[in-house]
Amino acid sequence: SVGMEDGTAVDSAPYVVVLMGVSGCGKTSVGLKLSEIWDADFRDGDDYHPPENKKKMSEGHPLNDTDRKSWLETLSKLIGDYIKNKKRLVVACSALKKSYRDILRGSGEDG
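Residues numbered from 1 in each chain as written. Predicted model: local features only at pLDDT ≥ 70, side-chain atom pairs only at ≥ 80, totals over all residues. Heavy atoms only, no water.

> Give me the lowdown on the overall build of the protein chain, citing residues and values where you can.
Within the protein chain, the regular secondary structure consists of four helices and three strands. Reading the protein chain from its N terminus to its C terminus gives the helix and strand order β-α-β-α-α-β-α. In the protein chain, which comprises 111 residues, the share counted as buried stands at 34%. Considering only residue pairs separated by 6 or more positions, the protein chain has 63% of its internal contacts joining residues 24 or more positions apart. Surface accessibility of the protein chain: about 6,900 Å² in total, with carbon and sulfur atoms responsible for 52%. (Helix = DSSP H or I, 4+ residues; strand = E, 2+ residues; numbered from the N terminus. Buried < 20%, exposed > 50% of the residue type's maximum accessible area, 1.4 Å probe, protein only. Contact = heavy atoms within 4.5 Å. Areas by Shrake-Rupley, 256 points an atom, 1.4 Å probe, with all protein chains shown as cover.)

> With reference to specific residues and values, describe the sheet that holds strand 2 (residues 41–44).
Strand order in this open sheet of three strands is 1-3-2, and the pairing throughout is parallel. Edge positions in the sheet fall to strand 1 (16–19) and strand 2, since each has one partner strand and no second. Direction aside, neighbouring strands of the sheet carry axes that sit 15° apart on average. Bridge count for strand 1 against strand 3 (residues 89–92) is four bridges, and the pairing is parallel. Opposite Val-18, over in strand 3, you have Val-91 as the bridge partner. On the sheet, helix 1 (residues 27–38) packs against strand 1, strand 2 and strand 3 and is oriented at approximately 175° with respect to strand 3. (Pairing = 2+ DSSP bridges. Axes fitted to C-alpha atoms, helices over the stretch in contact; angles between N-to-C directions.)

> Explain the nonpolar core to me, using residue names and the numbers behind them.
In this structure, Leu-72, Leu-75, Ile-79, Leu-89, Cys-93 and Leu-104 are the most contacted members of the largest nonpolar core, which totals 14 residues. Elements supplying a minimum of two residues to this core: helix 3 (65–84), strand 3 and helix 4 (98–104). Judged by nonpolar contacts, the second largest core, of six residues, contains Leu-19, Trp-38, Phe-42 and Ala-92. (Core = buried A, V, L, I, M, F, W, Y, C linked by side-chain atoms within 4.5 Å.)

> Requested: an account of the pattern of salt bridges, with residues and values cited.
Scanning the model with the defined rule gives eight salt bridges in all. The shortest N-O distance in the salt bridge between Glu-59 and Lys-55 comes to 2.6 Å. A relative accessible area of 44% means that Glu-59 is categorised as partly exposed. Several salt bridges converge on common partners, so that one network encompasses Lys-98, Asp-102 and Arg-105. (Salt bridge = Lys/Arg side-chain N within 4 Å of Asp/Glu carboxyl O.)

> Residue-level account of helix 1, with values.
Here helix 1 is twelve residues long and its end C-alpha atoms lie 16 Å apart, about the 16 Å a rise of 1.5 Å per residue gives. Of all the residues in helix 1, the buried ones are Lys-27, Gly-31, Ser-35 and Trp-38. Taken around the axis of helix 1, the buried residues stretch over an arc of 75°, which confines them to a single face. Turned more than 90 degrees away from the buried face of helix 1 sit Ser-29 and Glu-36, all of them exposed. Residues of helix 1 that are buried make contact with strand 1, strand 2 and strand 3. Immediately downstream of helix 1, the backbone of Asp-39 shows phi near 55°, a positive value. (Expected span 1.5 Å × (residues − 1). Arc of directions from axis to C-beta.)

The following block contains the structure:
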């Protein structure tokens with residue numbers, strides 16, 4: 001049985017937690033600690049951006065909704081795989097718009 005520091009069992013906890021927030025707010029720090037306590041894998045959503053998004057961001061250009069779509073779909077698939085396999089995952093991801101969160105939940109326009 002995996003437990004929190006206060007001894008609370010987390011066996012009935014969800015398989016995936018997505019930490020959302022603006023850049024620099026501590027998603028990664030919190031996510032790493034939570035994944036350690038929860039005995040879960042940790043993934044930083046930024047690592048899943050396609051090369052063209054990384055290039056655009058490195059040049060100081062903001063991403064638009066079209067740029068983000070394939071990235072969010074990749075994260076949605078990752079999340080779905082963890083749920084399907086009943087494995088625990090903590091993901092740090094900005095996902096500031098409801099439409100982005102809908103894609104992560106698998107309820108975006110295409111599914």
